[in-house]
Amino acid sequence: MKLLRYGPAGAEKPGLLDNDGRIRDLSAHVADISADSIAPAELARLGKLNIASLPMVTGSPRLGVPVAGIRKFLAVGLNYADHAAEAGLPLPAEPVLFTKAISCLSGPNDPVMLPKDARKGDWEVELGFVMGRTARYVSEAEALDCVAGYCLVNDVSERELQMERGGTWDKGKGFDTAGPVGPWLVTADEVGDPQNLGMWLDLNGQRMQTGNTRTMIFNVRQIVSYISRHITLWPGDLICTGTPPGVGMGKKPQPLYLKTGDVMRLGIDKLGEQQQEVVAWR
């Protein structure tokens, strides 16, 4: 299934995408797409619905973050060897973890608003996954059983705040609108192998990033198991898994950073596409 939430920000309704790419309303069957509704038993119940009988949503409504009530938004940095190289950083011996603030979450096509006086805004197409079960010291063999589904994430960054202003990466990764997610949460059974998904990002119509999740240094199984040894993962937690090369920071002969009016368009196989316009701080 491709689960989604549609409607104005703060008033989204639950839905799913049918096989013809049309939104169907799930309001009669679930209050929202949340940690409760992506538990294994609930996903099994929703999977038995007759999709053709669900009310069709007309028009082209705004899409919100596909899962409501996310409590943790964790991320893995430097998880593609060629991206670490373009950043001039050594390959990590263990996953590099950081947090993105919950307040940075936004819909897949909502505008991206850079921080006031930002000078080094950047893009990162990433595979995200959402937990469906609690994971604590879970083995790699059992790790994927804890994943409810996968989604597309743009890990928008401000490199000066991230790397030049001391402390942790978090302030350059967690500003408002720095976490577009969606358009859908695609259930794990529909995605299959998460380590064979093509990914790309265009800036103003020009291809910047091309990659595949098979080149991750640490795969999804390893990430789930590793994080669960340090931080308990709860249903509804969102984790993004790193980006392939082609970010603005790594452009030669000089970096290329986001400016007002730029348009980012990105996608991952099976997970859909996003598009964001960059707007000035307000």
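Presented here is a report on the structure given in the accompanying data block. (Residues numbered from 1 in each chain as written. Predicted model: local features only at pLDDT ≥ 70, side-chain atom pairs only at ≥ 80, totals over all residues. Heavy atoms only, no water.)

1. Section: the overall build of the protein chain
The test is simple: Every helix listed is a DSSP run of H or I at least four residues long, and every strand listed is a run of E at least two residues long, numbered separately from the N terminus. The quantity called the radius of gyration is restricted to C-alpha atoms. Its globule counterpart is 2.2 Å times the number of residues to the power 0.38. Per-residue accessibility, obtained with a 1.4 Å probe over protein chains only, is compared with the maximum for each type, and a residue is labelled buried under 20%, exposed over 50%, and partly exposed between these values.
Counting its regular elements, the protein chain contains six helices and 18 strands. Computed over C-alpha atoms, the radius of gyration of the protein chain comes to 18 Å, within 12% of the 19 Å expected from 2.2 N^0.38 for 282 residues, which places it in the range of a compact globule. Taken along its principal axes, the extent of the C-alpha atoms in the protein chain is 55 × 45 × 30 Å. The buried share of the protein chain, reckoned over its 282 residues, is 57%.

2. Observations concerning unusual backbone geometry
A cis amide bond links G182 with the next residue in sequence, P183, at an omega value of 20°. By the element assignment, P183 lies in the loop between β12 (179-180) and β13 (185-187). A cis amide bond links K252 to the next residue, P253, at an omega of 5°. Inspection of the secondary structure puts P253 in the loop between β16 (238-240) and β17 (263-268). A positive phi is found at L78, a non-glycine position, where the angle reads about 55°. By the secondary structure assignment, L78 is in the loop between β4 (73-77) and α2 (81-86). Judged by relative accessible area, which is 10%, L78 ranks as buried. Notably, Y137 is not glycine yet its phi reads approximately 50°, a positive angle. Among the structural elements, Y137 can be located in the loop between β9 (125-131) and α3 (140-143). You can call Y137 exposed: its relative accessible area is 62%.

3. Let's talk about the side chain of T177
To keep it simple, the criterion reads: Whenever two N or O atoms come within 3.5 Å, that pair is a polar contact, provided that in protein one can donate a hydrogen and the other can accept it, and provided that, for residues adjacent in sequence, both atoms are side-chain atoms.
One can find T177 in the loop between α4 (159-164) and β12. Among the residues examined, T177 registers a relative accessible area of 16% and is labelled buried. There is a polar contact of 2.7 Å between the side chain of T177 and the backbone nitrogen of M113.

4. Structural notes on the pattern of salt bridges
Selection rule: Any Lys or Arg side-chain nitrogen found within 4 Å of a carboxyl oxygen on Asp or Glu counts as a salt bridge.
Taken as a whole, this structure holds 20 salt bridges when the rule is applied. The salt bridge involving R5 is made with D32; its shortest N-O contact spans 2.9 Å. With R5 in strand β1 (residues 2-6) and D32 in the loop between β3 (23-25) and α1 (40-47), this residue pair connects regions lying 27 residues apart in the sequence. Accessibility assignment for this pair places R5 and D32 in one class, buried. With a closest N to O distance of 3.1 Å, D18 and R22 form a salt bridge. We classify D18 as buried; its relative accessible area is 7%. Overall, R22 belongs to the partly exposed group, its relative accessible area being 34%. Within this structure, K100, D122, E124, D155, R159 and K173 form a network of salt bridges that share partners.

5. Regarding the pairing of strand β10 (residues 147-154)
Where we set the bar: The criterion for strand pairing is that DSSP finds at least two bridges linking the strands in question.
Among the eight residues of β10, eight are classified as buried, and the element is accordingly described as predominantly covered. As defined by bridge partners, β9 adjoins β10 across seven bridges and the pair is classed as antiparallel. Note that in β10 the partner of M131 across the bridge is V147. Bridging between β10 and β13 involves two bridges; their strand directions are antiparallel. Within β13, the residue paired with G149 across the bridge is T187.

6. Points about the nonpolar core
Considering soluble globular proteins, one finds that nonpolar side chains tend to be buried as a cluster. For clarity, the cut-off: In these notes, a set of buried Ala, Val, Leu, Ile, Met, Phe, Trp, Tyr and Cys residues joined through side-chain atoms within 4.5 Å is what counts as a nonpolar core. For this analysis, residues touch if any pair of their heavy atoms sits within 4.5 Å.
Judged by nonpolar contacts, the single largest core of 75 residues is most densely connected at I38, F129, Y150 and V224. Of all the elements, β10 adds the most residues to this core, at six residues. In contact with I38, other than residues within four places in its own chain, are L3, I33, L43, V67, V130, M131, G132, A148, L185 and G236. L78, A84, A87 and M249 belong to the second largest nonpolar core, which has five residues in total.

7. Describing the state of the cysteines
What counts, and what does not: Disulfide assignment relies on a single distance test, namely cysteine sulfur atoms paired within 2.5 Å.
Tallied over the entire structure, the rule returns zero disulfides. Of all cysteine sulfurs, the one in C151 lies closest to C146, which takes part in no disulfide; the gap is 17 Å. Residue class for C146 comes out buried when judged on its relative accessible area of 8%. Overall, C151 belongs to the buried group, its relative accessible area being 0%.

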